[in-house]
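# Tertiary structure, described
Read off the chains here:
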Amino acid sequence: MSDTRLFRSLRFYNYRVWAIGALVSNIGTWMQRIAQDWLVLTVLTDHDASAVGITIALQFGPQLLLLPLTGYAADHFDRRRLILLTQALLGLLAVGLGLVTLTGVVTLWQVYVFALGLGCVTAFDAPARQTFVNDLVGEKHLSNAVALNSTSFNAARMIGPAVAGLLIAAVGSGWVFMINAASFAAVLGSLCLLRLDELLPVTRPRHNAGGLTEGFRYVWRRPELKAILLMLFMIGTFGFNFAVYISTMSVRVFHGEAGQYGLLTSSLAVGSVTGALLAAKRERPDMRLLCFSTLGFGVCCGLAALAPNTYLFATALMLTGLAALTFMTASNALIQLSTEPMMRGRVMALRMAITMGGTPLGAPIVGWLADHAGPRSAMSVGASAGLIAALIGTIMLIQQRRQRLYLQPQETYRQPEP
């Protein structure tokens, strides 16, 4: 009998400890994202959306450029120790950005440098954290744990921006960066408190010369994985530029201040949390869910672009967040469950690179479009991306039904001989 209890992964001590630390750290991270975008948009430039797009590109570009190394590291190295290192470095970078801001010497190029540094470290951190969940709960509860992780991440997205908006107005962006730096103590502490003997054993592939590119070859042989990754590319590149969409809509269309920007970002997260909680009830997602969720994303993003006031805009953002999180959680679990354990780190690194690394390609484009054609036109690009992704998923679903091709782990990977 299947176990569909909503919080079943929390029965594991290690997962409970990890989840608490991650929630605190994620709240700090979202506070920093809002403060960083606001600093660039209103302090260091005169509402220059292109500068925000460049900042986003620098922060997420390394996900794509460092892909072979990051996936290799997640599969071959001790994930807990790797995450300890990356989280400590992220905390130090937050301290550095906070200090230059508080001392009043911050410039746009410095923010660009810190964004690039954050991107490089996060490129190694993200696939390790994504696959570390399996080490905590095992494959039976993986889908639920992924959904609860998304719930935590988006609960932080709901809390962090709202708090950041108030703090920016009260004490400035610099202190927001310092608070984020302090929040990393929570996740570092949780990693130290884990019961190592309860971590599930991990089968690691042998080091070999072709290991860095093996993930590409593995995915190339899996048409269903290629379809999901292509859908992720469309959504990640042109859909998930909410820092540009919401900031420019808030400032230029609705003429709001930092508080409104934070609350609008939080409204997106309300829908995301709802989507994550719904996902936690599912035993296993499928391609149909990916199609419906990307279609919903496109429609709701389009409604947000047409919204005549902040209330309807916030409502549309909630629905967009629900659809987006449903797709992201389902694709995450589906890819992991259909990938062999020894390849999981490299495939998940490829997923993260496409999802987050595609953003640098789209962010400058939508930023330029927001500057020259208006925020509503820019947001319509995100709506189009959702509809195209739904079409890709529908084509794959038709092929699956014709060929009876279902997402299951396939023994297509063979460890090269030393």
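Everything that follows concerns the structure shown earlier in this document.
Because the structure is a prediction, the values reported are computed rather than measured.

The next subject is the nonpolar core. One finds Leu 232, Met 287, Leu 290, Phe 313, Ile 335 and Met 379 to be the most contacted residues of the largest nonpolar core, which totals 86 residues. The element contributing the most residues to this core is helix α13 (residues 310–337), with eleven residues. A domain split of this core shows at least three residues from each of domain 1 (9–197) and domain 2 (211–417). Setting aside chain neighbours within four positions, we find Leu 290 in contact with Ile 228, Met 231, Phe 327, Ala 330, Ser 331 and Leu 334. Ranked by size, the runner-up nonpolar core spans 27 residues in total, among them Val 133, Ala 145, Ala 147 and Phe 184.

On to the packing of helix α9 (residues 223–239) against α13, then. Here α9 crosses α13 at 150°, and the two axes come no closer than 11 Å. In terms of orientation, α9 lies roughly antiparallel with respect to α13. At the point where α9 passes α13, the crossing takes the left-handed sense. Contacts between α9 and α13 involve Leu 225, Ile 228, Leu 229, Met 231, Leu 232 and Ile 235 on the former and, on the latter, Phe 327, Met 328, Ser 331, Leu 334 and Ile 335. Class assignment of the residues belonging to the contact of α9 with α13 gives a composition of ten nonpolar, one polar and no charged.

Let's shift gears to the pattern of salt bridges. Side-chain pairs of opposite charge can arise whenever the charged atoms involved come near each other. Enumeration according to the criterion identifies six salt bridges in this entry. In this structure, the salt-bridge partner of Arg 129 is Asp 125, at a minimum N-O distance of 2.3 Å. Separated by four residues within a single helix, Arg 129 and Asp 125 lie in helix α5 (residues 108–137), roughly one turn from each other. Since its relative accessible area comes to 1%, Asp 125 is described here as buried. For Asp 371, the salt bridge is made with Arg 252, and the minimal N-O distance between the two is 2.5 Å. Within this pair, whereas Asp 371 is found in helix α15 (residues 359–372), its partner Arg 252 is found in helix α10 (residues 242–253), the two being separated by 119 residues in sequence. Residue Asp 371 is classed as partly exposed on the basis of its relative accessible area of 27%.

Quick notes on the rules
- Residues numbered from 1 in each chain as written.
- Predicted model: local features only at pLDDT ≥ 70, side-chain atom pairs only at ≥ 80, totals over all residues.
- Heavy atoms only, no water.
- Core = buried A, V, L, I, M, F, W, Y, C linked by side-chain atoms within 4.5 Å.
- Buried < 20%, exposed > 50% of the residue type's maximum accessible area, 1.4 Å probe, protein only.
- Helix = DSSP H or I, 4+ residues; strand = E, 2+ residues; numbered from the N terminus.
- Domains from an automatic or database assignment.
- Contact = heavy atoms within 4.5 Å.
- Axes fitted to C-alpha atoms, helices over the stretch in contact; angles between N-to-C directions.
- Parallel < 35°, antiparallel > 145°, perpendicular 65-115°, else oblique.
- Left-handed = near helix turned anticlockwise from the far one by under 90°.
- Nonpolar A, V, L, I, M, F, W, Y, C, P; charged D, E, K, R; others polar.
- Salt bridge = Lys/Arg side-chain N within 4 Å of Asp/Glu carboxyl O.

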